[in-house]
Amino acid sequence: MQGLVWRLKALDPEASESLKVITYFDALVNSRANAEMLIHGAAALCGCPVGYAMDGRSVCVDASGGKISGQQGDWPSRPFGVDGKAWIQRPGPAYANDELILERLAIALGIFWDRRSPVAATRRAMDTLLDADASDDKRMEAAQLLHLNRDALYRVHATPGAAQGSGPTALLHTPFGAIKAAIRPVGAMVEQHAPAGIGLPKPPRELYLSWETALLALRLTSPRHQIQDAGELGGLVVLAGVATDTTREPPDLTALKRLIEAQPKAYSLLEAIAEAGSLRAVAGQLNLHHSSVQHRAAEFSTALGFDIRTPQGRVRLTLALALFLLATNNFD
């Protein structure tokens, strides 16, 4: 890096100074500098007062490092963290690297507050515990930080990001939206947030498997089944995991998508047919006439290419509906 700085300086002095600023703040962050060390460094680079405000506290230092009574005003500023702000108090026009110094200062302050925040520590521990690629040692360190009993069984509850919950909780970003993962002891009451997916019971070192099954269970929720328990889904969870890895769309799913696109209200009737023992039972559940359900079932069978009125057809329909939910459920 130092060699690059000197080569840049020969070509473009301003560019080399910019790189020095970035390198300087990177070194401070890597050395785990605290907030006051960061603004002292920024003030020395700027040659003028620099300040920050966070959690109702305001600190400002001049270029020599002495504390002054500077405060937020119309100075150039940058936000960091939840409600933090950093600023440069330069009288007159800004210097060439002021904006870059302010940007790197705000990033460094955000990292510092993130490192010392209990919420951030919980999130990092959750990230490690639910990461399939983390080592057993790292997972057990995370479990200890979260006060989990290494020999007890827990389940991960997965809900869309807006849902609230108690206990160790973290918001994880997935291809299906921001999902809140919460760890609950086996036997704990299920909080009635809908939709929700409940993972398989696992010890702390295997909670990444509970998270994977909780996410699959969440993706299998529907208006009829807004809370899905992976333990009650049985082999369907295994099949869902395999289906997630495939790149080819099964023909039954393609046909089902076409049918629901043409008749959006068909889904609820199809789901009822897949679960009921007879069309007469479906008619009773949905308060429809038996002959009407028979007619629709025959129509749907033609559209799907298999008879959904037979036991084998209902099994096939159940799988097609599960694939449809996996392909279309998003929680953004």
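Residues numbered from 1 in each chain as written. Predicted model: local features only at pLDDT ≥ 70, side-chain atom pairs only at ≥ 80, totals over all residues. Heavy atoms only, no water.

Chemist: Go over the packing of aromatic side chains with me, naming the residues and quoting the values.
Modeler: Enumeration over the complete set of coordinates arrives at five aromatic pairs. Summarising the aromatic geometry, the rings of Tyr24 and Phe25 are spaced 5.7 Å apart at their centres and angled 80° between planes, so their arrangement reads as edge-to-face. Taking the relative accessible area as the measure of exposure, Tyr24 reaches 32% and is therefore partly exposed. Look at Phe25 and you get buried, because its relative accessible area is 1%. Measuring from ring centre to ring centre gives 5.8 Å for Tyr267 and Phe324, while their planes differ by 35°; the resulting arrangement is tilted. Remark: Phe324 occurs in helix 14 (residues 311–328) and Tyr267 occurs in helix 11 (residues 266–275); sequence separation between them is 57 residues. Of the residues examined, Phe324 reaches a relative accessible area of 14% and is grouped as buried. The side chain of Arg90 reaches across the aromatic face of Tyr95, ending 3.6 Å from its centre. Seen from the ring of Phe176, Arg219 lies directly overhead, with NZ or CZ sitting 3.8 Å from the centre. (Phe/Tyr/Trp six-rings, centres within 6.5 Å; stacked < 30°, edge-to-face > 60°. Buried < 20%, exposed > 50% of the residue type's maximum accessible area, 1.4 Å probe, protein only. Helix = DSSP H or I, 4+ residues; strand = E, 2+ residues; numbered from the N terminus. Lys NZ or Arg CZ within 6 Å of the ring centre and 35° of its normal.)

Chemist: So what's going on with the sheet that holds strand 2 (residues 57–61)? Residues and values would help.
Modeler: Ordered by their spatial adjacency, four strands build an open sheet running 2-1-4-3, and the pairing between neighbours is antiparallel. Taken across any chain shown, the strands that pair with only one partner, and hence form the sheet edges, are strand 2 and strand 3 (77–80). On average, each strand axis in the sheet is tilted by 15° relative to the strand beside it, whichever way the strands run. In this sheet, strand 2 lies alongside strand 1 (residues 50–54) in antiparallel orientation, the contact comprising five bridges. Pairing of Val50 across the sheet is with Val61, part of strand 2. Running over the sheet, helix 3 (residues 35–46) touches strand 1, strand 2 and strand 4 (84–88) and is turned about 150° from strand 1. Strand contacts of helix 4 (residues 98–116): strand 1, strand 3 and strand 4, with the helix running at about 20° to strand 3, the strand carrying the most contacts. (Pairing = 2+ DSSP bridges. Axes fitted to C-alpha atoms, helices over the stretch in contact; angles between N-to-C directions. Contact = heavy atoms within 4.5 Å.)

Note that every value here comes from positions in space, so none of it alone points to a role or purpose.
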